[in-house]
Amino acid sequence: MVEDGRKVLADVIHSQVDVHREFGGVVPELAARDHLERLPALLDLALEKADVRPGDLDLLAVTRGPGLVGCLLVGVGVGEGLAAAWAKPLTGVNHLWGHIYAAMLTRADLEPPLLGLVVSGAHSDLVRMPAHGRFEVIGRTRDDAAGEAFDKAARMLGLGFPGGPALDRLARTGDPARRPLPRPSLPGLEYSFSGLKTALLYRLRELGDSVTDQDRADLAAAFERSVVESLLEKLDRALDEMPASEVVVAGGVAANTLLRRRVAQVVAGRARLTMPPLELCTDNAAMIAAAGFHAARHDAAVDPSLGWGS
Ligand code: KG4
Ligand code: ZN
């Protein structure tokens, strides 16, 4: 529940981590079924927390994509049902727009134009946002997304699921210089993380059974540093090539400790930086409500095709 696309009245999150943990990753069918089972109670809780009645609502917003098809279907079905039952308009929202709009919930006077870096489980995208509901991708990954790379590295290091936050914690006890890993570097504003992943695999093979907890912590720190510095190298270049006064860094990976610290140093003195708080970086409903509000107000219809399409 969000007011005017700027203020969170209630943001209720049910984590599915326990459902997927034993499988070491997200199982799409289980994810969709859990959405269906949990949504009614979550909606009641959100209304109660916000102290809002359905009649008070002006607009319903639901994610149309990109995302897991089964989960999207459940969401859109529930959204359409509620819109019919409550006689309210419903708007479809692009998931990636949502990550950028999470920043608008963080800073009341944040407006486009802005330069955005959205780093999640499936995307590492540099975008320009010239106006509400308008996005132009200027850089993306050729292979793995940053979050996917963190999750796979975490699995190799025996950290289980969910990998990104676990690798973040382990890296805090490691020294990135002791067992350095290469920093990916492609021309222009493109990213690539699959070579780095292979480098980690080889390093672990070399160590074999002799690998110690400290080795694993050092490798986690080295991996994290390579991903973060690669993300920042391109953000730095984008800021040089297309100066902007506002920078937004968002998406699940923007919860990473090292990224949060380093991005502030890279952007300092060149633009104002907004990073949503951790709970608004990882997927949440408030960001979708905010994106729905702003997109509807600016008449920016969402094309359900994947990517940043508008
Ligand atoms: O945006 P998000 O919640 O879901 C998607 O839209 O994909 O991003 C999830 C991704 C996962 O890959 C997760 O491992 C990563 O964000 N992540 C992190 C951290 N917290 C979440 N990666 C590194 N460090 C973290 N602290
Ligand atoms: Zn996301």
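Before reading on, note that the structure itself is shown above.
Residues numbered from 1 in each chain as written. Chains lettered and ligands numbered in written order. Predicted model: local features only at pLDDT ≥ 70, side-chain atom pairs only at ≥ 80, totals over all residues. Heavy atoms only, no water.

**Some words on the coordination of the zinc ion (ligand 2)**
Within the first shell, the zinc ion (ligand 2) binds the protein through H95 (NE2), H99 (NE2) and D283 (OD), at distances of 2.0 to 2.2 Å. Between consecutive donors of the zinc ion (ligand 2), the numbers of intervening residues give the motif H-x3-H-x183-D. Linking H95 with H99, this pair stays in helix α4 (residues 95-101), spanning four residues, or about one helical turn. A relative accessible area of 16% means that H95 is categorised as buried. (Donors = N, O, S within 2.8 Å, 3.2 Å for Na, K, Ca; no water. Helix = DSSP H or I, 4+ residues; strand = E, 2+ residues; numbered from the N terminus. Buried < 20%, exposed > 50% of the residue type's maximum accessible area, 1.4 Å probe, protein only.)

**Remarks on the pattern of salt bridges**
Tallied over the full model, the rule gives 21 salt bridges. With its nearest N and O atoms 3.0 Å apart, the salt bridge here joins D109 to R272. Placement of the pair is D109 in the loop between α4 and β5 (114-119) and R272 in strand β9 (residues 272-274), with a sequence separation of 163 residues. We note a salt bridge from D175 to R178, for which the minimum N-O separation is 3.7 Å. The partly exposed category is assigned to D175, whose relative accessible area is 28%. (Salt bridge = Lys/Arg side-chain N within 4 Å of Asp/Glu carboxyl O.)

**Describing the packing of aromatic side chains**
Summed over all chains, the structure comprises three aromatic pairs. With a centroid separation of 5.1 Å and an interplanar angle of 35°, the aromatic rings of W97 and F135 are classed as tilted. Of this pair, W97 sits in helix α4 while F135 sits in strand β7 (residues 134-139), placing them 38 residues apart in sequence. Note on accessibility: W97 and F135 belong to one class, buried. Between Y191 and F193, the aromatic rings sit 5.9 Å apart at their centres with planes inclined by 15°, giving stacked as the arrangement. A residue is classified by how much of its surface remains accessible, and F193, at 0% relative accessible area, is buried. (Phe/Tyr/Trp six-rings, centres within 6.5 Å; stacked < 30°, edge-to-face > 60°.)

**Concerning the site of ligand 1**
As a matter of local geometry, ligand 1 sits amid 17 residues, with H99, G121, D151, D168 and D283 nearest to it. For ligand 1, an oxygen atom lies 3.2 Å from a polar atom in the backbone of G147. Side-chain polar atom of N256 to a nitrogen atom of ligand 1: 3.2 Å apart, as the coordinates give it. Relative to its unbound accessible area of 550 Å², ligand 1 is 86% covered by the protein chains. Counting only elements with at least two residues in the shell around ligand 1, the list comes to α4, α5 (146-156) and α6 (163-171). (Near = heavy atom within 4 Å. Polar contact = N/O pair within 3.5 Å; in protein donor to acceptor, adjacent residues only side chain to side chain. Areas by Shrake-Rupley, 256 points an atom, 1.4 Å probe, with all protein chains shown as cover.)

**Things to note about the packing of helix α7 (residues 194-207) against helix α8 (residues 213-241)**
Each pair of packed helices gets described by two things: the angle between the helix axes and the distance between those axes. Viewed as axis vectors pointing N to C, α7 and α8 meet at an angle of 165°, and their least axial separation amounts to 11 Å. As far as their axial angle goes, α8 and α7 are roughly antiparallel. Between α7 and α8 lies a crossing whose hand is right-handed. In contact with L196, K197, L200, R203, L204 and L207 of α7, α8 contributes D215, L219, F223, S226 and V227. (Axes fitted to C-alpha atoms, helices over the stretch in contact; angles between N-to-C directions. Parallel < 35°, antiparallel > 145°, perpendicular 65-115°, else oblique. Left-handed = near helix turned anticlockwise from the far one by under 90°. Contact = heavy atoms within 4.5 Å.)

**Considering the side chain of E224**
One can find E224 in helix α8. Under the relative-accessibility criterion, E224 is labelled buried at 2%. Within polar-contact distance, the side chain of E224 engages the side chain of R172 at 2.9 Å. Sequence-distant contacts of E224, that is, excluding residues within four places in its chain, are made with F150, L167, D168, A171, R172, N256 and L258.

**What to know about the pairing of β5**
Of all the six residues making up β5, six are buried; the element is thus mostly covered by neighbouring parts of the structure. Side-chain alternation along β5 places L114, G116 and V118 on one buried face and L115, L117 and V119 on a second face that is also buried. Of the pairings in the sheet, the one linking β5 to strand β6 (residues 124-131) comprises six bridges and is antiparallel in character. Each bridged residue has a counterpart across the sheet, and for V119 the counterpart in β6 is S124. Between β5 and β6, which pair antiparallel and follow one another directly, the connecting turn spans four residues. Sheet analysis places β5 next to strand β8 (residues 246-250), joined by four bridges and oriented parallel. Note on β8: the bridge partner recorded for V118 is A250. (Pairing = 2+ DSSP bridges.)

**Describing the side chain of T91**
With respect to the element layout, T91 can be found in strand β4 (residues 90-94). Excluding anything up to four places from it in sequence, T91 contacts L59, L60, A61, V62 and G292.

**Considering unusual backbone geometry**
Here the bond from P112 into P113 is cis, since omega is 10°, no more than 30 degrees from zero. With omega at -5°, the peptide bond leading from F161 into P162 counts as cis. By secondary structure assignment, the location of P162 is in the loop between α5 and α6. With phi around 55°, D4 is a residue other than glycine that occupies positive phi space. Even without being glycine, D299 reaches a positive phi, approximately 60°. Locating D299 in the fold gives a position in the segment after α11 (285-297).

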